[in-house]
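The residues making up each chain are set out below.
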Amino acid sequence: MCTASTDMLGSETLESDPAYESAAETYYAACMNTGQIEERGAKPLLELISTVGDFPVMNNTWKESDFNIEDIVIKLYELGLMPFMTLYVDPFKRGPKKMFSIDFPYHLLTARNDSNHQEFMMKALQLLGADETVLGTDFEAMKDFKDAIVKALYNQSASVAYPLSIDKLQEKYNWLDWLKVLKAIGAKGNVVIESTDTVFLERDWYLDQLADILNSTSKRAMANYMMSCLLTFSDLLDNRFRELTEKYPTNGLKIPTNERWKICVKATEEKLPEAVGRMYVNKYLRKKDKDFVTDMIKDIKTTFHEILEKNAWLSNETKARAQTKIFQPGYKSLGFFDLSMLMVKNKALENLNILAGDVENEKWLTSTSVVNAHYHPRSNSMYILAGIFEEPAYYPDGTSCIVKLAAV
């Protein structure tokens, strides 16, 4: 897939190109512009940090009175970062009105004993100019705070998710001004949030423990931990930070810094999956393969319908519901870092837009260039992605229909 993506993304951008192609090609070109990236160094991330809040380990004049947890939560949310809880709008949750869901921080579930991540953080902070006289002490305090949160994730107790008003949420967990946070976040999606509106609390046992952790943690440690989430964007910076990512990989993937095209293909696919997917389909998916899989899906639905009709143990009402389910449809002047931040913010806004509208049934949950096919139960959709129509997963010529069907 990488070579195919390079052929597509590395081509010259033309005025006649569709907007999605132009966006993907522009982003890829910005990523490949290592001269500009090296020239800017750490400046883009330092500028971003200054817009979010004060980072105590990098500011020797920091005071506790400077710390405002709500402001930092709001600004980090805009960047898709949620340090100690996950706040999102579930497009598939039933109900007359879409609502925010509050849950534990999923990204920390794999954070136990992550020595690579700790080494990366320490080295990255040094490159950014952290105050060496307090770095060791501050880093240990950050680590203790994070470890306490991770421990809470594994100290689970039985609970049932339930809705409650923002007023009630405030009474129960007063360590955050929930209305201020939710109002500000909702306003980004042009949605007015009131104190009587409902949110969905997924795991109250976690928020119970989080309240105790926050109350026993200094504001300095909290501020450092929250602001350190911005280091996730350091791999968008110059080669010093890329070499750190390579030396201390934290996601199991390791792409050598000298294979820049692989880094840029991966980055473009992650940031613009729909655009890259559509380009891939246009360039590589043959019409007869598309027709084949369309017919296959129709056959699967028809066969399932016939099996359902013959089923003696289902009531007529259940059969009717099942039948209904079967047929439901499941800028160019910016540099690489700034383009990436623009796309990150747009991604956060996409989720917020669900508050004001319906579930987007036609939206793909995975890039179409991925080699995969699966059923997504929450959206009741089959996803057969264009990437699967490549050898060895699929042989377009010289095989029978049965072999093709089995491959998919």
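Residues numbered from 1 in each chain as written. Predicted model: local features only at pLDDT ≥ 70, side-chain atom pairs only at ≥ 80, totals over all residues. Heavy atoms only, no water.

Draft legend 1. Examining the state of the cysteines more closely. What the rule picks out here adds up to one disulfide. Each sulfur in the disulfide pair Cys 31 and Cys 264 lies 2.1 Å from the other. On the sign convention where negative is left-handed, the bridge of Cys 31 and Cys 264, at about -80 degrees about the S-S bond, is left-handed. Highlighted residues: Cys 31 in helix H2 (residues 19–32) and Cys 264 in helix H13 (residues 260–271), separated in sequence by 233 residues. (Disulfide = S-S within 2.5 Å. Helix = DSSP H or I, 4+ residues; strand = E, 2+ residues; numbered from the N terminus.)

Draft legend 2. Inspection of the packing of H13 against helix H17 (residues 336–353) at higher detail. Where H13 meets H17, the closest approach of the two axes is 11 Å, and the angle between their N-to-C directions is 25 degrees. In terms of their interaxial angle, H13 and H17 are classed as roughly parallel. As for the relative orientation of H13 and H17, their crossing is left-handed in sense. Residues Arg 260, Ala 267 and Lys 271 of H13 lie in contact with H17, whose contacting residues are Phe 336, Ser 340, Met 343 and Val 344. (Axes fitted to C-alpha atoms, helices over the stretch in contact; angles between N-to-C directions. Parallel < 35°, antiparallel > 145°, perpendicular 65-115°, else oblique. Left-handed = near helix turned anticlockwise from the far one by under 90°. Contact = heavy atoms within 4.5 Å.)

Draft legend 3. View of the packing of helix H7 (residues 132–153) against helix H11 (residues 219–228). Look at H7 against H11: their axes get within 9 Å of each other, and the N-to-C directions meet at 80 degrees. Overall, the two elements H7 and H11 adopt an arrangement that is roughly perpendicular. Here Val 134, Asp 138, Ala 141, Met 142, Phe 145, Lys 146 and Ile 149 of H7 lie close against H11, whose contacting residues are Arg 220, Ala 221, Met 222, Asn 224, Tyr 225 and Ser 228. Taken together, the residues of the contact of H7 with H11 sort by class into eight nonpolar, two polar and three charged. (Nonpolar A, V, L, I, M, F, W, Y, C, P; charged D, E, K, R; others polar.)

Draft legend 4. Structural view of the sheet that holds strand E4 (residues 198–201). Read across the open sheet, the four strands follow the order E1-E2-E4-E3; overall the sheet is mixed. Across the chains shown, the open sheet's two edge strands, defined by having one partner strand only, are strand E1 (86–89) and strand E3 (162–165). With strand direction ignored, the average angle separating the axes of adjacent strands in the sheet is 30 degrees. Both E1 and strand E2 (residues 100–103) contribute to a ladder of four bridges, which runs antiparallel. Residue pairing across strands places Thr 86 opposite Asp 103, the latter belonging to E2. Together, E1, E2 and E4 form the strand contacts of helix H9 (residues 178–188), whose direction differs from that of E2 by roughly 125 degrees. (Pairing = 2+ DSSP bridges.)

Draft legend 5. Expanded view of the pattern of salt bridges. Evaluated as defined, the whole model comprises 13 salt bridges. Across the salt bridge formed by Arg 40 and Asp 338, the nearest N and O atoms sit 3.1 Å from each other. For Arg 40, a relative accessible area of 26% corresponds to the partly exposed category. Residues Arg 242 and Asp 235 are paired through a salt bridge, measuring 3.9 Å at the closest nitrogen-oxygen approach. Judged by its relative accessible area of 28%, Asp 235 falls in the partly exposed class. Because the salt bridges share partners, they merge into one network encompassing Arg 40, Lys 43, Glu 47 and Asp 338. (Salt bridge = Lys/Arg side-chain N within 4 Å of Asp/Glu carboxyl O. Buried < 20%, exposed > 50% of the residue type's maximum accessible area, 1.4 Å probe, protein only.)

Draft legend 6. Expanded view of the side chain of Ser 234. Along the chain, Ser 234 falls in the loop between H11 and helix H12 (239–247). Here Leu 231 takes part through its backbone oxygen, which lies 2.7 Å from a polar atom of the side chain of Ser 234. Here Ser 234 is in contact with Leu 45, Phe 120 and Phe 241, once residues within four sequence places are set aside. (Polar contact = N/O pair within 3.5 Å; in protein donor to acceptor, adjacent residues only side chain to side chain.)

Draft legend 7. Inspection of the environment of Gly 41 at higher detail. Within the secondary structure, Gly 41 sits in the loop between helix H3 (34–40) and helix H4 (43–52). Linking Gly 41 and Asp 238, residues 197 residues apart in sequence, is a C-alpha distance of 5.2 Å. Dropping the residues within four chain positions of it, Gly 41 is found in contact with Leu 237, Asp 238 and Arg 240.

Draft legend 8. Local environment of the environment of Tyr 225. In this fold, Tyr 225 is placed in helix H11. For Tyr 225, a relative accessible area of 5% puts it in the buried group. Sequence separation between Tyr 225 and Ala 141 is 84 residues; the distance between their C-alpha atoms is 8.6 Å. Ignoring anything within four residues of it in the chain, the contact list for Tyr 225 reads Pro 83, His 107, Leu 108, Met 142, Phe 145, Lys 146 and Ile 149.

Draft legend 9. Structural detail: the pairing of E2. Of the two faces of E2, the one carrying Phe 100 and Ile 102 and the one carrying Ser 101 and Asp 103 are both buried. Taken together, the two bridges between E2 and E4 define a ladder with parallel strand orientation. Residue pairing across strands places Ile 102 opposite Leu 201, the latter belonging to E4.

Draft legend 10. Main features of the packing of aromatic side chains. The tally for this structure, following the rule as stated, stands at eight aromatic pairs. Between the aromatic rings of Tyr 27 and Phe 336, the centroid separation amounts to 5.2 Å while the plane-to-plane angle is 45 degrees, which identifies the pairing as tilted. Both residues of the pair, Tyr 27 and Phe 336, count as buried. Between the aromatic rings of Phe 84 and Trp 175, the centroid separation amounts to 6.0 Å while the plane-to-plane angle is 75 degrees, which identifies the pairing as edge-to-face. Separated by 91 residues along the polypeptide, Phe 84 in the loop between helix H5 (69–78) and E1 and Trp 175 in the loop between helix H8 (166–172) and H9 bring together distant segments of the chain. Assessed through its relative accessible area of 13%, Trp 175 is described here as buried. Through a chain of ring-to-ring contacts, three or more aromatic side chains come together here, namely Phe 104, Tyr 106, Trp 205 and Tyr 206. (Phe/Tyr/Trp six-rings, centres within 6.5 Å; stacked < 30°, edge-to-face > 60°.)

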